Amino acid sequence: MVRLWRSTVGKKAVMAVSGAGLLLYVIAHMLANLKIFFGARSLDGYGHWLRELAAPVFGYEGVVWIARAGLLACVLLHMTTAIQLARRARAARPIGYRHRRPVQGSYSARTMRWGGVLIALFVVYHVLDITAGVVNPNGVPGQDYRNVTASFGRWYVAVFYMLAVTALGFHIRHGMWSAFQSLGISTAKRRRALRAIALGVAVVITAGFLSVPIAVLTGVLT
Amino acid sequence: MRLTLRIWRQRGTSDAGELVTYPMDDVSPDMSFLEMLDVLNEELILRGEEPVAFDHDCREGICGMCGLMINGVAHGPERATTACQLHMRHFADGDTVTIEPWRARPFPVVRDLVVDRSAFDRIIESGGYISAPTGSAPDAHAVPVPKPDADTAFEAAACIGCGACVAACPNGSAMLFTAAKATHLGLLPQGQPERYSRAEAMVRTHDELGFGGCTNTGECTAVCPKGIPLDTIGRLNSDLLRGALRS
Amino acid sequence: MSQLYAEGTPIADERAPDGPIETRWDRRRFAARLVNPANKRRLTVIVVGTGLAGGSAAATLGELGYRVESFCYQDSPRRAHSIAAQGGINAAKNYRNDGDSVHRLFYDTVKGGDFRSRESNVHRLAQISTEIIDQCVAQGVPFAREYGGLLDTRSFGGAQVSRTFYARGQTGQQLLLGAYQALARQISAGTVRMHPRTEMLDLIVVDGRARGVVVRDLVTGEVTSHLADAVVLATGGYGNAFYLSTNAKGCNTSAIWRAHRRGALFANPCYTQIHPTCIPVSGEHQSKLTLMSESLRNDGRVWVPVLAGDDRPAGEIPDAERDYYLERMYPSFGNLVPRDIASRAAKHVCDEGRGVGPGGLGVYLDFADAIARLGRPAVEAKYGNLFEMYQRITGEDPYAVPMRIYPAVHYTMGGLWVDYDLRSTIPGLFVIGEANFSDHGANRLGASALMQGLADGYFLLPNTIGDYLVDGPFDAVDPAHQAVADVESEVRGRIKALLMVDGDRTVDSFHRELGQLMWEHCGMERTDAGLRKALAQIPALREEFWRRVKVPGEGAELNQSLEKAGRVADFLELAELMCLDALHRTESCGGHFRAESQTPDGEARRDDENFSYVAAWEHTGVGTPPVLHQEHLRFEHVTPSQRSYK
Ligand SMILES: Cc1cc2nc3c(=O)[nH]c(=O)nc-3n(C[C@H](O)[C@H](O)[C@H](O)COP(=O)(O)OP(=O)(O)OC[C@H]3O[C@@H](n4cnc5c(N)ncnc54)[C@H](O)[C@@H]3O)c2cc1C
Ligand code: HEM
Ligand code: HEM
Ligand code: SF4
Ligand code: F3S
Ligand code: FES
């Protein structure tokens, strides 16, 4: 296992597994967000329900904390491996080319690193905004609906969210297929299908997330 | 045709290099890229200048010795073509052509466009073989190999070890080269006993030599003169992980 | 002619056993003394060259326990010229049950060599051929397979049985990678030490034994000596004496030529194979010629216009005005006549002014009929990659216009003389692969060079070298020994001399001029007058080279001009011997066609009475007449007959 962690292939596997964890979370989160279209009660109630979940066993918010711990672990592993691999890559080419032209030209593949950083910054802001309420005009933890609509009431915040979500879409588009490849699941026969699935998932997630700020901006949600 | 060449000149590994511009007046479209450099070198020698050093041998796309970054693309603009098989008819009169050596820490520049690729040999030495002693092999027909496996193994075995994959990879990774050999041997029944240890050893050596990790960007396959497919890398990953889980 | 060379004493292959041919190799192996395994570790063998012959030999010797020092001039042993072989490798496996056998392969090879090779050697080669395939499969060489999972074979080079194993059009590559990987395994085991980018420039002979080599590190320019108990040369052929050939650019004669200068006899230097289907020269800048697989002649029809100087595009020449000359001259074999015959016929029509393409040096290889008969997809499936290669190089689409082909120098059957044990005439110097004068006689059959290289390296040399080394380890040679110092200083002196000329002509310009001269006078067709002309011009060119060559840069650095200069200097000496050998052999045989010795209908005429021998030449100095030693050939199992393909 230590050997595996040391090898570049092992690191990619860690990245893929943690990325998959994050992806599952993002999918669930996106679906949950859609409850906003059923009104404040639906969304807030959902948040409340989550915190009550299995409360007799884990206590109030217990499940949520477990999930947060898992997420945090994934984020840490994902980011650590990402940074290590990026540093290796820099070291592997100390002198760059004067003239360089990508051939394959997959935009999402080339923006994984900066895209990841953008997503990370976004998440920090997002948690301060909605969960903690620190940078939110409404800022009452638990009042998710009002926090969200208040936040997106400022167009520049809504635009920032939309940008971040688009970056996430690119990240997933390459990341999901890449994870299959890193884990050795992608083969010549499956590659096209897997790439198509990754594209589909990325589009759905992006569209799902985008729908909320757009709805607020266009006044569908107030 | 008239061309303007910008060529990387560097005396030795520890020297600084620079791009030097050479105008060329009379390039025939039938020349290969290397023949065009031959003509330049003849001119340079007669002018009392040092000719440009570049690696080459077979000049028919099979030895893997040649390798130039031509206008930012490994082996130049034609797909599935080595620099020696690239012909000048793919350039237009008046073009400026920038020629640089492969760049990666494990491939130090020896002189001008010549780099040291012996790191590839180290990777093969660490396990890229089948431990078959000479002189006492079973009859060749003793073990049939399904044709599809044989064909896929051949496809991977076609790698010429040119290093273009490393040169093009944004991470400076040699994973396509490593995976090609692991796939070739791992697909054949004769290669099964060492399949997992081979993958592990080759990747370990690959990493120790200072190549970057693969992040599946796919530039390598795009420039590979033999079109080694990307799923060889998936196969190597799978072998490595399976091997690790087994032990 | 007698003032051109001296007649020496005849020589004989003394280690070849007599008796039943089928058991000669077994008996030789049994008679050979064995080296005690513990002693092997104390014996060092130098192997120069990492092609099929050298790579497989170094790997096997390392595995046996010897300490091996391996050298090649490329940056990796995997790039040796063997990598370029396309067609395949012969083996008498008879997997098809089509009548093949060891004896048939033996027979075909002796006959194909036009009865100028040794029966003992060729029979042994045919026997070993089957083991080579087993060995390579065990190593993971991905030969072509059939749907049942068994190995596929094809018939090649006019053979009537299907005995050629292949890996698409890249057989040499796959076989070489197999040998390279075996070598890599020994390198990591520490039994073989690899010296890439290192060129052998001379041989060290101490007290009559080959004890080492002087090499130049091609990166630092450093000249050093390496000492050992035996030296093996596996440095390939010398076809580049012609400048343009299908060989890789770096192929050279230096290693064997230097050994020749130190006393090893050079056998049959004039035997050169010219391959009929290569892509023609496109201009002055041409640096090498590319082979198109012979298999194209199975479906392509060769023709030229009937009228000389007809420069209409091929498509506008009506059928009646085309001369399908091979079909006309050889009705039964047609386009499939052997390499030498097809090559010569092409030369003749071009000499008549009927050649096509730039300079009139080309003939059409036309697939229009095949496409009409089989359909384009079938032609594509069979030859798609070759058509693509042709298009890439010429920029013409061979589906639409006929290909243009022309013969080119391809292989050299001559080389250092060796006995049955692969020993040269210098004790302790072994020569294997294309570098020796080999088992191919005056003409090599397609797919036999790979077979010979691997037989030598994997199976023969490792068995025979022990009989020599059993007397070792020989007294250690002090690196400061006079003999070592002398050779080293000669090598340094020569490098210095090359750099000091500082003339006004490039190395390539000399090489090109030499090549033209050789092609003209010592190429497909040789005449007394032409050869004499060449023999007068070559020394003059050599003299001019040493007066006018310009080699820029210094010795102590990577200097590709200097590398080339050294090689061309050696070619300039070898070329003279090639022409002399061609001149003295007034018969035609195999690849050696003397215009004076032909049948009334223009076919080669052998002269068994006077020339049934191997011509082994002894060096006496540059520009002084060499000494000819004859090794007479005996035929007990195959009766020499005239080849006929009418
Ligand atoms: C285009 C082409 C296609 C062919 N196709 C076929 C085919 O289909 N079937 C077939 O049987 N044969 C074929 N042949 C012939 C065959 O490939 C060669 O005869 C054979 O590979 C020679 O092998 P070798 O080991 O003797 O030498 P090579 O492979 O030539 O190796 C020579 C080695 O010696 C080294 N060397 C040379 N000089 C020096 C020096 N001075 N110092 C240090 N190292 C040196 C080189 O680095 C190299 O490692 C083909 C040849 C060509 C050119
Ligand atoms: C624009 C669309 C988005 C909306 C409307 C939205 C809304 C919300 C809401 C309402 C919460 C609070 C849940 C709760 O605590 O009950 C939340 C939390 C969170 N969101 Fe989002 N979100 C969006 C996009 C994203 C994206 C793209 C990511 C990640 C890449 C993300 C990651 C998180 C995280 C990590 C939390 C904190 C979970 C916790 O620990 O409680 N969100 N989001
Ligand atoms: C915290 C911020 C993040 C950073 C810094 C980050 C960074 C990266 C990087 C650098 C890669 C490698 C890219 C490559 O293959 O070239 C990667 C891959 C991946 N990321 Fe992220 N990422 C982040 C967040 C996420 C999120 C939120 C998800 C879930 C949707 C995710 C899912 C993936 C997946 C599935 C991969 C592919 C793994 C692989 O290639 O094996 N990442 N990430
Ligand atoms: S994988 Fe392709 S690009 Fe890489 S070394 Fe092999 S042939 Fe060259
Ligand atoms: S370009 Fe590099 S990132 Fe991987 S897919 Fe190829 S090695
Ligand atoms: S010179 Fe051999 S591949 Fe280009």
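What you see is a predicted model; the values in this text were computed from it and never measured.

1. Describing the site of ligand 5
Next up, step 1: Neighbouring residues of ligand 5: Cys169(B), Asn171(B), Ser173(B), Cys214(B), Thr215(B), Asn216(B), Thr217(B), Gly218(B), Glu219(B), Cys220(B) and Leu230(B).
Next up, step 2: A per-class count over the shell around ligand 5 returns four nonpolar, six polar and one charged.

2. Points about unusual backbone geometry
Next up, step 1: Geometrically, the link from Gly472(C) to Pro473(C) is a cis peptide bond, its omega value of -10° lying close to zero.
Next up, step 2: Residue placement: Pro473(C) occurs in the loop between α12 (449-469) and α13 (482-501).
Next up, step 3: Of note, the phi angle at Glu61(A) is positive, near 65°, even though the residue is not glycine.
Next up, step 4: Relative to the assigned elements, Glu61(A) resides in the loop between α4 (55-58) and α5 (62-92).
Next up, step 5: Phi is positive for Asn94(C), which is not a glycine, with a value near 50°.
Next up, step 6: Given a relative accessible area of 26%, Asn94(C) falls into the partly exposed group.

3. Some remarks on the nonpolar core
Next up, step 1: One finds Ile89(C), Phe143(C), Leu233(C), Leu429(C) and Ile465(C) to be the most contacted residues of the largest nonpolar core, which totals 255 residues.
Next up, step 2: When residues in this core are grouped by element, the largest group, 14 residues, is from helix α16 (residues 560-584) of chain C.
Next up, step 3: Every residue in contact with Phe143(C), bar those within four places of it in the chain, is listed here: Ile89(C), Ile133(C), Cys136(C), Val137(C), Leu151(C), Phe165(C), Tyr166(C), Ala167(C), Thr171(C) and Leu175(C).
Next up, step 4: Judged by nonpolar contacts, the second largest core, of 28 residues, contains Ile7(B), Met31(B), Leu34(B) and Leu40(B).

4. Let's talk about the coordination of the iron atom of ligand 3
Residue and element names in this part refer to chain A.
Next up, step 1: With distances of 2.0 Å, the protein atoms coordinating the iron atom of ligand 3 are His78 (NE2) and His171 (NE2).
Next up, step 2: Coordination geometry of the iron atom of ligand 3: the six donor atoms subtend angles of 82 to 179° at the metal centre, consistent with an arrangement described as octahedral. With His78 in helix α5 and His171 in helix α9 (residues 155-182), this pair connects stretches of sequence that are 93 residues apart. Taken individually, His78 and His171 each receive the classification buried, so the pair is uniform in this respect.

5. Side note on the pattern of salt bridges
Next up, step 1: What the rule picks out here adds up to 85 salt bridges over all chains.
Next up, step 2: A salt bridge links Arg117(B) to Asp55(B); its shortest N-O distance comes to 3.6 Å. Of the two residues, Arg117(B) sits in the loop between β7 (114-115) and α2 (118-125) while Asp55(B) sits in the loop between α1 (33-46) and β3 (69-70), which places them 62 residues apart along the sequence. Accessibility assignment for this pair places Arg117(B) and Asp55(B) in one class, buried.
Next up, step 3: A salt bridge links Asp421(C) to Arg15(C); the shortest N-O distance between them is 3.9 Å. Within this pair, whereas Asp421(C) is found in the loop between β18 (415-416) and β19 (429-431), its partner Arg15(C) is found in the loop between β1 (6-7) and α1 (24-31), the two being separated by 406 residues in sequence.
Next up, step 4: Judged by relative accessible area, Arg15(C) falls into the partly exposed class, the value being 30%.
Next up, step 5: Residues participating in the shared-partner salt-bridge network are Arg15(C), Arg28(C), Arg33(C), Asp419(C), Asp421(C), Arg423(C), Asp467(C) and Asp471(C).

What counts, and at which threshold
Residues numbered from 1 in each chain as written. Chains lettered and ligands numbered in written order. Predicted model: local features only at pLDDT ≥ 70, side-chain atom pairs only at ≥ 80, totals over all residues. Heavy atoms only, no water. Near = heavy atom within 4 Å. Nonpolar A, V, L, I, M, F, W, Y, C, P; charged D, E, K, R; others polar. Helix = DSSP H or I, 4+ residues; strand = E, 2+ residues; numbered from the N terminus. Buried < 20%, exposed > 50% of the residue type's maximum accessible area, 1.4 Å probe, protein only. Core = buried A, V, L, I, M, F, W, Y, C linked by side-chain atoms within 4.5 Å. Contact = heavy atoms within 4.5 Å. Donors = N, O, S within 2.8 Å, 3.2 Å for Na, K, Ca; no water. Tetrahedral: all angles 85-135°; square planar, octahedral: opposite > 155°, others 65-115°. Salt bridge = Lys/Arg side-chain N within 4 Å of Asp/Glu carboxyl O.

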